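Commentary on secondary and tertiary structure
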Amino acid sequence: MVHTAADTLPIKEKLRQIPSLEAPLPDLDLSAMPATPHEAFALWLDSALAAGVREPHAMTLSTVDEHGWPDARVLILKNVDARGWHFAIRGESPKARQIENQPRVSLTFYWPALGRQIRLRGEAVALSAQECSEDFLGRPVGSRASAIASTQSEILDNHEALAQRLADAQAFLKAHPTHVEPGWRVYAVTPTVVEFWQGATDRNHKRWRYTASQDSTAWSTARLWP
Ligand SMILES: Cc1cc2nc3c(=O)[nH]c(=O)nc-3n(C[C@H](O)[C@H](O)[C@H](O)COP(=O)(O)O)c2cc1C
């Protein structure tokens with residue numbers, strides 16, 4: 001490992017020296033923002049792909065547990081449609097239990113190369129058993145084996161057991177290639193509020209918020225102070 005002068009700095013100094021929102025960043029023409037957050041997200045995703053943003057489909061799902069404590073982790077976005085922003089998880093995982101107890105969640109995207117953040121707040125709704133099955137069967141065999149073998153987020157104190165359970169799951173899937181793990185869940189987050197944030201190097205950030213009407217049939221928009 002190569003040590004540099006920065007290694008000897010106190011962490012506060014190191015953090016201070018890391019640049020953020022470095023130019024060049026795109027400007028945002030707020031008058032050209034589409035009527036719905038779904039369309040805006042599709043446009044921004046295309047920009048992220050064109051700009052070579054790594055894993056623009058990675059997002060932070062924030063939930064709260066039964067004691068009101070927040071929890072958050074990164075997930076992969078699987079789809080966006082009229083029902084909302086979709087993700088796939090295991091039904092016995094802590095996050096799934098938190099969602100069942102409190103379906104109000106938030107999703108956050110951050111795309112550093114563009115200085116863009118997208119925030120959604122809404123309710124997570126489980127999709128039909130058929131859609132969950134289709135998602136499971138569409139996953140690579142390694143992901144399916146892991147979903148079968150792992151008791152996700154529980155303490156793993158037996159390393160051999162992990163290798164053995166994975167091997168067993170691989171063998172099981174070879175014999176039963178159409179097996180669908182019963183606990184597999186796909187959720188859609190139906191947003192009530194979505195904010196698009198365009199960072200600027202001079203800190204004159206532009207923020208555009210969509211708020212759903214009471215009956216969720218229309219969107220109102222507003223510019224927010226930076
Ligand atoms: C880039 C990235 C993508 C991930 N995608 C998923 C995913 O799509 N589904 C999932 O259950 N966990 C995914 N994870 C793992 C979760 O962040 C988390 O560690 C795991 O789901 C356990 O969360 P929980 O203990 O809150 O239930 C991903 C992690 C990273 C860093």
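Residues numbered from 1 in each chain as written. Predicted model: local features only at pLDDT ≥ 70, side-chain atom pairs only at ≥ 80, totals over all residues.

1. Focus on the overall build of the protein chain
Using the following cut-off: Each helix corresponds to a stretch of at least 4 residues labelled H or I by DSSP, and each strand to a stretch of at least 2 residues labelled E; elements are numbered beginning at the N terminus. The contact criterion used here is simple: two residues whose C-beta atoms, placed from the backbone, lie within 7 Å are in contact.
Per the secondary structure count, the protein chain includes six helices and nine strands. Of the contacts made within the protein chain by residues no fewer than 6 positions apart, 61% connect residues no fewer than 24 positions apart.

2. Some words on unusual backbone geometry
One can expect most non-glycine residues to show negative phi and most peptide bonds to be in trans. With an omega dihedral of 0°, the bond running from alanine 23 to proline 24 counts as a cis peptide bond. Note on placement: proline 24 falls in the loop between α1 (11–17) and α2 (37–50). One non-glycine residue, leucine 21, adopts positive backbone phi at about 50°. Along the chain, leucine 21 falls in the loop between α1 and α2.

3. A closer look at the pairing of strand β1 (residues 58–64)
The cut-off we apply is this: Partly exposed residues are those whose C-beta has more than 12 but fewer than 20 other C-beta atoms within 10 Å; 20 or more makes a residue buried and 12 or fewer makes it exposed, with C-beta atoms placed from the backbone. What makes two strands pair is DSSP finding at least two bridges between them.
Where burial is concerned, the two faces of β1 differ: the one with Met59, Leu61 and Thr63 is buried and the one with Ala58, Thr60, Ser62 and Val64 is not. Taken together, the seven bridges between β1 and strand β2 (residues 70–76) define a ladder with antiparallel strand orientation. Note on β2: the bridge partner recorded for methionine 59 is leucine 75. Hairpin connection from β1 to β2: five residues lie between these consecutive antiparallel strands, with glycine 68 at a positive phi of about 85°.

4. Observations regarding the confidence of the model for the protein chain
Note the cut-off: The pLDDT value tells you how sure the predictor is about a given residue, anywhere from 0 up to 100.
For the protein chain, the average pLDDT comes to 96, and 97% of its residues sit at 70 or higher. Mean pLDDT values over the elements of the protein chain span from 94, in helix α6 (residues 159–175), up to 99, in β1.

5. Focus: the nonpolar core
Our working definition: For this entry, the nonpolar core is defined as buried Ala, Val, Leu, Ile, Met, Phe, Trp, Tyr and Cys residues connected by C-beta atoms within 7 Å.
In this structure, Tyr187 and Val189 are the most contacted members of the largest nonpolar core, which totals 32 residues. Broken down by secondary-structure element, the contributors of at least two residues to this core are α2, β1, β4 (84–90), β5 (104–111), β6 (116–126), α4 (129–137) and β7 (184–198). Looking at which element gives the most residues to this core, the answer is β7, with seven residues. Excluding anything up to four places from it in sequence, valine 189 contacts Gly84, Trp85, Val105, Leu107, Leu120, Gly122, Glu123 and Ala124.

6. What to know about the packing of helix α5 (residues 141–149) against α6
This is how the line gets drawn: An axis is simply a line fitted to the C-alpha atoms; with a helix, the fit covers only the stretch in contact. Between two such axes, the angle follows the N-to-C directions and lies from 0 to 180 degrees. Relative orientations are named as follows: roughly parallel for angles under 35 degrees, roughly antiparallel for angles over 145 degrees, roughly perpendicular for angles from 65 to 115 degrees, and oblique for any other angle. In this scheme, a crossing is called left-handed if the near helix is turned counterclockwise away from the far one by less than a right angle; it is called right-handed if the turn is clockwise. Under the scheme applied, nonpolar residues are Ala, Val, Leu, Ile, Met, Phe, Trp, Tyr, Cys and Pro; charged residues are Asp, Glu, Lys and Arg; polar residues are all the others, including Gly.
Running from amino to carboxyl end, α5 crosses α6 at an angle of 120°, the nearest separation of the two axes being 8 Å. By the angle class used here, α5 and α6 are oblique. Considering how the two elements wind past one another, α5 and α6 form a crossing that is right-handed. For the pair formed by α5 and α6, the contact residues are Val141, Arg144, Ala145, Ser146, Ile148 and Ala149 on the first element and Arg165, Leu166, Asp168, Ala169, Gln170, Phe172 and Leu173 on the second. Residue composition of the contact of α5 with α6, by class: eight nonpolar, two polar and three charged.

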